[in-house]
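Chain residues, written in single-letter form:
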Amino acid sequence: MRKALITGSASGLAVAFARKLASLNFAIALNYRESKERCEQLAEQLHKEYGVPVITVRADITLQEDIHAMIDTVVRQFGTIDTLIHSAGPYIFERKRLTDYDDKEWHAMIDGNLSSAFHLFARVIPLMRPHGFGRIITVGFDRVEEAPGWVYRSAYAAAKVGLASLTRSVALEEQENGITANMICPGDIRGTDKEASLNEDALVRPMRNAVGADLANAVAFLVSEPSQFVTGNIINVAGEANNVITRFDHGKEDIFDPITLEPGTSVIVVPWQQQGIIHTREDRRNRRAIYHVAVGDTIERFTIDQLLEVQSHDF
């Protein structure tokens, strides 16, 4: 049975990761900082549903001493750690310029998103080496490998760009020991979507937004034994319609829809062969417009390539 430590497990994407690993028969250590009750509820749920050992460990990942104590606790319980998913990472929601950050906020971003990884890697990698197997996964943001500027998010972006380089460096250093390191990058996933599961209907909808389960499926492969040659990668799981920083690529030729349909227009949704009515249209520079179409009791998202206007004689 593999043993995994998942940081920041009380909420968000880490919950989706924990569910996936539990379904794959991993023993799991869930880390939290303040949300003890919520983390314990998740642990109880996973153990009850999948029958795997699940423990909770408190640690503030901005503090080196907390990280060391957390790892010691997990090793005492599980004997080792062969899988590390570093999902925790502080984020300042207030939009502010670099010059408006104070020292405490800057250090919180760097310590929580970058220095925390150093302390985790330094303690966990030596546990993995003797077994000739280890899996490390970090979490970034869309296009982090390009070291992009992110307006009003400078401290967070700088830390995550550094984490991307650190992840790749560890991948190069430890491949000979059977240890892989990769970063996965979500798009603009918010609220309950971070923990959301997938059903069969969602799997066949190309224009839906990504949810936590989509990233968890990527994690499932990266932690597997067959992924031994997949290392040092920055893997985007945002989807083209779900970018965080920009909504179009500079330098491309201008992209225009061949025709434009107005809200209220009756259309046939080609993939579904169902009739609907355009509710709203979301125009995007250098991207196909997104049409929000009322089909039955739901509103779904399509491009013009997936729609046919219903002419009056078609009724």
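Residues numbered from 1 in each chain as written. Predicted model: local features only at pLDDT ≥ 70, side-chain atom pairs only at ≥ 80, totals over all residues. Heavy atoms only, no water.

Observations regarding the overall build of the protein chain
Phase 1: Along the backbone of the protein chain there are seven helices and twelve strands.
Phase 2: Put simply, the protein chain has 315 residues, and 48% of those count as buried.
Phase 3: Considering only contacts within the protein chain whose residues lie at least 6 apart along the sequence, 68% involve residues at least 24 apart.
Phase 4: Surface accessibility of the protein chain: about 15900 Å² in total, with carbon and sulfur atoms responsible for 49%. (Helix = DSSP H or I, 4+ residues; strand = E, 2+ residues; numbered from the N terminus. Buried < 20%, exposed > 50% of the residue type's maximum accessible area, 1.4 Å probe, protein only. Contact = heavy atoms within 4.5 Å. Areas by Shrake-Rupley, 256 points an atom, 1.4 Å probe, with all protein chains shown as cover.)

Let's talk about helix H2 (residues 36-50)
An α-helical segment advances 3.6 residues per turn. Residues three or four places apart therefore align on the same side.
Phase 1: Relative to the 21 Å expected for 15 residues at 1.5 Å per residue, H2 spans 21 Å between its end C-alpha atoms, a close match to the ideal helical length.
Phase 2: As for H2, its buried residues are in contact with helix H1 (13-23), strand E2 (27-32) and strand E3 (54-58).
Phase 3: Downstream of H2 by one or two residues, Gly51 has phi in the positive range, about 70°. (Expected span 1.5 Å × (residues − 1).)

Observations regarding the pattern of salt bridges
Phase 1: All told, the structure shown has eleven salt bridges when counted by the stated rule.
Phase 2: Residue Lys96 is joined to Glu105 by a salt bridge in which the shortest nitrogen-to-oxygen separation is 2.9 Å. The residues Lys96 and Glu105 share a single accessibility class, namely buried.
Phase 3: Sharing partners across several salt bridges, the network here consists of Arg2, Asp82 and Glu225. (Salt bridge = Lys/Arg side-chain N within 4 Å of Asp/Glu carboxyl O.)

Here's the deal with the pairing of strand E4 (residues 83-86)
Phase 1: Residues Thr83 and Ile85 point to one face of E4 and Leu84 and His86 to the other, with burial holding for every one of them.
Phase 2: As paired strands, strand E1 (residues 3-6) and E4 are joined by three bridges and run parallel to one another. By the bridge assignment, Leu5 is partnered in E4 with Leu84.
Phase 3: For E4 and strand E5 (residues 134-139), the ladder comprises four bridges, and the chain directions are parallel. Within E5, the residue paired with Ile85 across the bridge is Ile137. (Pairing = 2+ DSSP bridges.)

As for the pairing of E1
Regular strands show a simple pattern: their side chains alternate between the two faces of the sheet.
Phase 1: Bridge count between E1 and E2: four bridges; the pairing is parallel. When the sheet's bridge partners are listed, Leu5 is paired in E2 with Ala29.
Phase 2: This β-α-β element, E1 to H1 to E2, shows right-handed connectivity. (Right-handed = clockwise from strand over helix to strand, strands pointing away.)

A closer look at the sheet that holds strand E8 (residues 266-269)
Phase 1: Within the open sheet, the five strands sit side by side as E11-E10-E9-E8-E12. Their pairing is antiparallel. Each edge of the open sheet carries a strand with a single partner, namely strand E11 (298-302) and strand E12 (307-309). Direction aside, the axes of adjacent strands within the sheet are offset by 45° on average.
Phase 2: Bridge analysis of strand E9 (residues 274-282) against strand E10 (residues 290-295) gives five bridges, and the strand direction is antiparallel. Residue pairing across strands places Ile278 opposite Val293, the latter belonging to E10. (Axes fitted to C-alpha atoms, helices over the stretch in contact; angles between N-to-C directions.)

Focus: the side chain of Asp60
Phase 1: Residue placement: Asp60 occurs in the loop between E3 and helix H3 (64-78).
Phase 2: The buried charged residue Asp60 lacks any salt bridge, with Arg33 as its nearest oppositely charged partner at 4.4 Å.
Phase 3: In this structure the side chain of Asp60 is engaged in a polar contact, spanning 2.7 Å, whose partner is the side chain of Thr62. (Lys, Arg positive; Asp, Glu negative; His and termini not counted. Polar contact = N/O pair within 3.5 Å; in protein donor to acceptor, adjacent residues only side chain to side chain.)

Some points on the packing of aromatic side chains
Phase 1: With the rule as written, the count across this model stands at six aromatic pairs.
Phase 2: Ring geometry for Tyr91 versus Tyr156: centroids 4.8 Å apart, planes at 90°, classification edge-to-face. Residue Tyr91 is located in the loop between E4 and helix H4 (103-128), and its partner Tyr156 is located in helix H5 (residues 154-174); the two are separated by 65 residues in the primary sequence.
Phase 3: According to the relative accessible area criterion, Tyr156 is buried, its value standing at 12%.
Phase 4: Measuring from ring centre to ring centre gives 4.9 Å for Phe141 and Trp150, while their planes differ by 50°; the resulting arrangement is tilted. For the pair Phe141 and Trp150, a shared accessibility class is recorded, and that class is buried.
Phase 5: Across the ring face of Phe133, the terminal group of Arg2 is positioned such that the distance to the ring centre comes to 3.7 Å.
Phase 6: In this arrangement the basic side chain of Lys96 is found over the ring face of Tyr101, its NZ or CZ atom lying 5.6 Å from the centre. (Phe/Tyr/Trp six-rings, centres within 6.5 Å; stacked < 30°, edge-to-face > 60°. Lys NZ or Arg CZ within 6 Å of the ring centre and 35° of its normal.)

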